[in-house]
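Examining the three-dimensional arrangement
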Amino acid sequence: MGGALAALVLVAAGAGAWFYQGLDGNINAADVDNKLGDDRPVNLSPGSKNILMVGSDSRDGKNAKYGKGLVTMQSDTLMVMHLSADRKWATVVSLPRDSWVSLPVCERGDGALSAPSHSKINAAFAIGGASGDVSGAAACTTKTVEQSTGLRIDHFMSVDFQGFKGMVNALDGIEVCPETAIRDEKAHLDLEAGCQTVKGEDALGYVRARYSVGDGSDLGRIGRQQEFMKALAAKAQQKLTNPAVLYDFLDSVTRSLTTDERLAGIKPLTGLANEIRSIPSDRLTFLTVPHYGRVADVPSDKANVVWQYPQAADLFASLAKDQEVDKEKVAADAKNPVYAATVRVQVLNGSGVPGRAAKVAETLRTAGYTITGTGNAPGSAEKTAVVHPEGLEEQAGVLASRLPGVAMKPDAGALAGTVTLIVGADFTGIR
């Protein structure tokens with residue numbers, strides 16, 4: 001999309017106003033900013049940009065053939081693209097749709113507010129879009145991602161099934177090389193093994209296929225989607241010098257594209273595209289947030305994943321500070337996860353608010369931690385702290401990384417085998 005919109009600058013000047021205006025009128029605008037409120041992460045790196053990208057699998061209109069049982073709006077793919085302030089590098093982080101996260105209070109679109117809860121991250125799109133309003137879906141998803149990552153989201157972009165197929169078809173298809181045949185009834189896909197060019201329904205089925213490939217999880221699909229996006233971007237750079245191909249490509253994109261109001265137009269999108277286009281291909285990194293199966297913390301939950309800490313927190317902290325991420329290092333650091341269930345936590349209340357320790361303990365228990373007890377701290381505490389005995393540095397780091405701005409420190413007098421969370425007056429919650 002970035003390469004195509006950048007090429008539009010050259011073509012539109014000679015094609016006439018009808019070309020520009022026709023595409024500009026295709027783009028849907030969502031009023032996201034006015035629905036986010038004031039309780040948002042601080043922008044730590046002015047000049048950089050964080051763009052939330054959603055692949056929407058709405059089943060309205062032509063999308064109905066992919067399943068009519070869904071009564072709310074759905075998000076099939078979720079990514080955050082970070083563009084560095086100097087525009088010399090970018091990182092795209094995939095967030096598995098089965099990520100088990102804390103959902104904030106959101107407007108449902110009918111005037112009612114949702115209750116804070118824990119669920120799959122893609123539930124935010126459905127909650128906010130309960131009345132069919134994409135603005136609400138975008139706002140709730142943005143609030144959830146900001147709360148979970150600590151990143152300030154600058155822009156929102158969503159494209160649906162039909163737009164994806166149109167982009168691929170305009171480029172005469174994309175080559176894929178599945179090692180084994182893929183036959184997936186839900187994804188409408190029957191594909192032989194080996195390299196071949198796919199377009200239309202086969203292209204969409206290839207990136208949507210889940211249950212019939214690998215272990216049937218969303219994680220294998222993310223890998224295929226990332227590889228497909230790379231191949232699509234490379235072919236777009238080759239093919240989009242042809243005005244006719246470019247117009248077909250852009251017409252498909254813009255008809256299925258929804259953005260926040262500040263980005264809803266060919267001019268702002270072209271500006272963004274030119275920034276993306278300047279980034280060297282070897283400094284455009286695709287990765288997935290470090291995670292593990294939630295079954296390790298909650299044996300009854302075999303369907304979802306949880307983000308791995310402190311690795312996930314370190315990744316997002318680097319992006320928030322506009323520090324380039326080393327994909328190989330992220331993978332190496334995530335090889336031996338410390339499961340939340342193995343972290344034994346004692347919660348002590350130093351905030352002066354009655355019942356605070358019990359409430360925080362319940363939240364930690366829901367997040368998978370093993371709670372050994374609650375009580376009052378020896379005295380009042382202005383600042384929240386995580387203390388630990390010698391040898392529990394890793395476990396303390398897993399907990400501390402979930403608490404924005406909270407430091408951990410060793411304490412020879414700390415309870416043996418246990419990490420102690422002292423809830424202070426400044427406690428703001430668990431990420």
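Look above for the structure.
Below is a summary of the structure that appears in this document. Per chain, residues are indexed from 1 in the order of the written sequence. The predicted origin of the model limits local features to residues at a pLDDT of at least 70 and limits the giving and counting of side-chain atom pairs to 80 or more, whereas totals for whole chains, interfaces and linings rest on all residues. Note that the side-chain values use all heavy atoms of the structure and ignore hydrogens as well as water.

In this section: the packing of aromatic side chains. Note on aromatic pairs: the rings of Phe, Tyr and Trp (six-membered ring only in Trp) are paired at centre separations within 6.5 Å, and the planes decide the class, stacked below 30 degrees, edge-to-face beyond 60, tilted for the rest. A full pass over the atoms with the stated rule returns four aromatic pairs. Between Tyr292 and Tyr339, the aromatic rings sit 4.8 Å apart at their centres with planes inclined by 65°, giving edge-to-face as the arrangement. One end of the pair, Tyr292, is in strand β14 (residues 291-293); the other, Tyr339, is in the loop between α11 (327-333) and β16 (344-349), and 47 residues separate them in sequence. When a residue's accessible area, from a 1.4 Å probe over protein chains only, is under 20% of the maximum for its type it is buried; when over 50% it is exposed; and in between it is partly exposed. By relative accessible area, which is 8% here, Tyr292 ends up buried. Classification of Tyr339 by relative accessible area gives partly exposed; the value is 32%. Seen from their ring centres, Trp307 and Phe316 are 5.6 Å apart, and the 45° between their planes marks the pair as tilted. Across the pair, Phe316 and Trp307 agree in class, each one buried. The rule for a charge over a ring is simple: NZ of Lys or CZ of Arg within 6 Å of the ring centre, and within 35 degrees of the ring normal. Across the ring face of Tyr206, the terminal group of Arg224 is positioned such that the distance to the ring centre comes to 5.9 Å. Helix and strand labels come from DSSP, where a helix needs a run of H or I of at least four residues and a strand needs a run of E of at least two; each type is numbered from the N terminus.

With that settled, the discussion passes to the pairing of strand β3 (residues 75-83). Taking burial as the measure, the nine residues of β3 include nine buried ones, the bulk of the element. Here strand β2 (residues 49-56) pairs with β3 via eight bridges, running antiparallel. Across the sheet, residue Met53 finds its bridge partner in β3, namely Met79. Following DSSP output, two strands are said to pair if at least two bridges run between them. The pairing of β3 with strand β4 (residues 90-94) spans five bridges and is classified as antiparallel. Directly across from Val80, in β4, lies its bridge partner Val93. Turn length for the β3-β4 hairpin, with the two strands adjacent in sequence and antiparallel, is six residues, and the turn residue Arg87 shows positive phi of about 60°.

Strands sit in the order β1-β12-β7-β2-β3-β4-β13 across an open sheet of seven strands; the sheet is mixed. Edge positions in the sheet fall to β1 (28-30) and β13 (284-288), since each of these pairs with one other strand and no more. Strand-to-strand twist in this sheet, taken as the mean axis angle between neighbours without regard to direction, amounts to 20°. Residue contacts are defined here by distance: any two heavy atoms, one from each residue, within 4.5 Å place the two residues in contact. Interaxial angle, 0 to 180 degrees, is taken between N-to-C directions of lines fitted to C-alpha atoms, where a helix line uses only the stretch in contact. Packed on one face of the sheet, helix α10 (residues 311-320) meets β3, β4 and β13 and runs near 145° to β4.

Right, let's get into the pattern of salt bridges. A side-chain nitrogen of Lys or Arg and a carboxyl oxygen of Asp or Glu constitute a salt bridge if their distance falls within 4 Å. Going through the model one piece at a time under the given rule, you end up with 14 salt bridges. For Glu275, the salt bridge is made with Lys49, and the minimal N-O distance between the two is 3.4 Å. With Glu275 in helix α9 (residues 266-277) and Lys49 in strand β2, this residue pair connects regions lying 226 residues apart in the sequence. Given the relative accessible area of 24%, Glu275 is considered partly exposed. One network of salt bridges, with partners in common, ties together Lys49, Arg87 and Glu275.

In the contact formed by helix α5 (residues 161-170) and helix α6 (residues 200-208), the axes pass within 9 Å of each other and the chain directions differ by 120°. Relative to α6, the element α5 is oriented oblique. You can see that α5 and α6 cross each other, and the crossing is right-handed. When α5 is examined against α6, the residues Phe161, Phe164, Lys165, Val168 and Asn169 are found in contact with a partner set consisting of Gly200, Glu201, Ala203, Leu204, Val207 and Arg208. Just so you know the grouping, Ala, Val, Leu, Ile, Met, Phe, Trp, Tyr, Cys and Pro go in nonpolar, Asp, Glu, Lys and Arg go in charged, and all remaining residues, Gly too, go in polar. Each residue belonging to the contact of α5 with α6 can be placed in one class, and the counts come to six nonpolar, two polar and three charged. Roughly parallel here means an angle under 35 degrees, roughly antiparallel means over 145, roughly perpendicular means 65 to 115, and every remaining angle is called oblique. By definition, any crossing whose near helix is turned counterclockwise from its far helix by less than a right angle is left-handed, and any crossing with a clockwise turn is right-handed.

Take unusual backbone geometry next. The phi torsion of most residues other than glycine is negative, and most of the peptide bonds are trans. The omega torsion across Tyr309 and Pro310 is 10°, close enough to zero to call that bond cis. Along the polypeptide, Pro310 turns up in the loop between β15 (305-307) and α10. Backbone geometry places Asp172, a non-glycine residue, at a positive phi of 65°. Within the fold, Asp172 resides in the loop between α5 and β8 (174-176). You can call Asp172 partly exposed: its relative accessible area is 42%. We note that Asp322 has phi near 65°; this positive angle belongs to a residue other than glycine.

The buried count for α5 comes to eight of 10 residues, which makes it a mostly enclosed element. Turning to α5, its buried residues number three or more, namely Phe161, Gly163, Phe164, Lys165, Gly166, Met167, Val168 and Ala170. Of the residues one or two after α5, Asp172 is the one with positive phi, at around 65°.

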